[in-house]
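Analysis of the macromolecular model
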Amino acid sequence: MDNKTNGNNIKPKGSALIPFIVFIALYLGVGIILQLQGVEMAFYQFPSPVAILIAVVVAFAMFKGKMDDKISDFMKGCGDENILTMCFIYLFAGAFATVASAMGGVDATSNFGLSIIPAHYITAGMFVISAFLAVSTGSSMGTIGAIGPIAIATADKAGLSMPLMVAAVIGGAMFGDNLSIISDTTIAATRTQGVEMRDKFKVNFLIALPAAIITFILLLILGKPEHIIEMEQLDYNIIKVLPYVFVLVMAVLGLNVFVTLGSGIVIAGVIGIAYGDITPLSLSQNIYSGFTGMIEIFLLSLITGGLAYMVTKNGGLEWLLIKIKGLIKGEKSAQVGIAAIASVADMAVANNTVAIIITGPIAKGICEEFKVDPRRSASLIDIWSCVFQGFIPYGAQVLLACSLTAEVANPVSPLSLFPLLWYQQLLALFAILSIFIPYADGIIRKRPWNFALWKAEEKTAK
């Protein structure tokens, strides 16, 4: 959101942030209470759209003005082009992921990886498989759910370190979640900053790749089994991996995201029908199932867009930016500020997509003030929300992975994973290095960002 609404200067007002504080307090507070009560996946029991809707009610109650005007402001925020684009990308991404999975793409991808990895490199191999599957499907949770049971059974049979195996799967899943062009975090980061997915991917990749390579080497050295086991020969059809490869390649080449995902859905559907895995009727049902699977994040983004407009119009964002700007001395410290905001937001709400949606407008304001390239900002908020999402003990990814070890002799606790979450730690290290030693900015320098044009286009759109 722009810091000016309807062409008028906005008076900074810290109290305008109360609705967002209510949302975070509700979302975090309910999660903590349920966690103390021993409820599984405690931080995911209270639907985020309901929490944000309560915050909207608070905003309507406390902001001055006629009810019709407040409703109009809320609807303007919901109808923002970036918000609607983000929401429809969620639907297309959900449909592609569901159709590709229904036609056997997930099984084919994981079995293909397991079939070509030597047994004595299995821990490092699980990291790679998790990374590839997460990049392909855009889901860290789906990846952990698919690969976790296989990895845990293998570690138990081979005498491998169970915590290290679990950490490797989580690390690979977060690598893919951070980079995948159909991940909701990528969609949210690029749309809130107004940048192309391919640009964010290229910057992100140069930061994430060194962390992944070093993690892989460490797992090769320290993750060897006590005795070599022979892996079962797994069936896979390489054709069923192609939809994922197509979508990734087309996105990197810069094809329109709707065309890319729409084509991916068609290709996955044709392959599924050709091999008898799905029918034309079930294809339509899977597409709709993919839509409904994204309904929570769709509603959260839509309602948050409306609330953000109201908060901005009443001076909340302007007040926050003024406070943050007081701590920022230049472009590099501005990037540090963006990283810190995204990190704190994720630790507060335990959901990296929610964290990005909340911090996106703030990061965008910092970009405008301190001339930080928004492609850099998109990369930073995605990276740091993923770093902490794959690290905090109450995050869904860590909780799910640990819960899968419940039946083994020595179940893994979230706290025991801390020293072994090497990828997340290394990603944080290289993200910091990239700020002070901008080795990943070659892509940005090749295509300079025109701030004047960006601002003019935004003004025209409004």
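Refer to the structure above for everything that follows.
These lines cover the structure that appears in this document, whether it is placed above or below. (Residues numbered from 1 in each chain as written. Predicted model: local features only at pLDDT ≥ 70, side-chain atom pairs only at ≥ 80, totals over all residues. Heavy atoms only, no water.)

1. Structural notes on helix α8 (residues 162-179)
- Taking 1.5 Å as the rise per residue, α8 with 18 residues should run 26 Å; its terminal C-alpha atoms sit 26 Å apart, in good agreement.
- Counting buried residues in α8 gives 17 out of 18 residues, a clear majority hidden from the surface.
- Where α8 begins, one side-chain oxygen reaches toward the backbone nitrogen of Leu-164, 3.3 Å away; that side chain belongs to Ser-161. (Helix = DSSP H or I, 4+ residues; strand = E, 2+ residues; numbered from the N terminus. Expected span 1.5 Å × (residues − 1). Buried < 20%, exposed > 50% of the residue type's maximum accessible area, 1.4 Å probe, protein only. Polar contact = N/O pair within 3.5 Å; in protein donor to acceptor, adjacent residues only side chain to side chain.)

2. Observations regarding the pattern of salt bridges
- Counted according to the given criterion, the structure contains four salt bridges.
- Between Asp-277 and Lys-240 there is a salt bridge, with its nearest N and O atoms 2.7 Å apart. Placement of Asp-277 in the loop between α12 (257-274) and α13 (280-293) and of Lys-240 in the loop between α10 (197-222) and α11 (242-253) is noted, with a sequence separation of 37 residues between them.
- Classification of Asp-277 by relative accessible area gives partly exposed; the value is 36%. (Salt bridge = Lys/Arg side-chain N within 4 Å of Asp/Glu carboxyl O.)

3. Section: the layout of surface pockets
- Taken as a whole, the second largest pocket spans an internal volume of roughly 880 Å³.
- What lines the second largest pocket is a set of 39 residues, among which Ser-139, Met-141, Asp-184, Gly-293 and Met-294 lie closest to the centre.
- Going through the elements one at a time, α4 (81-102), α6 (122-137), α7 (140-158), α13, α14 (295-313), α17 (352-370) and α19 (396-403) are the ones with two or more residues in the lining of the second largest pocket. (1 Å grid on protein atoms, 1.4 Å probe; cavity = no way out; pocket = protein on both sides within 12 Å on 5 of 7 lines; lining within 4 Å. Points joined across faces, edges and corners; volume = space filled by probe spheres on them.)

4. What about helix α21 (residues 422-436)?
- Helix length check: α21 (15 residues) gives 22 Å between terminal C-alpha atoms against 21 Å at 1.5 Å per residue, within 8%.
- Along α21, the residues that are buried comprise Trp-422, Tyr-423, Gln-424, Leu-426, Leu-427, Ala-428, Phe-430, Ala-431, Ser-434 and Ile-435.

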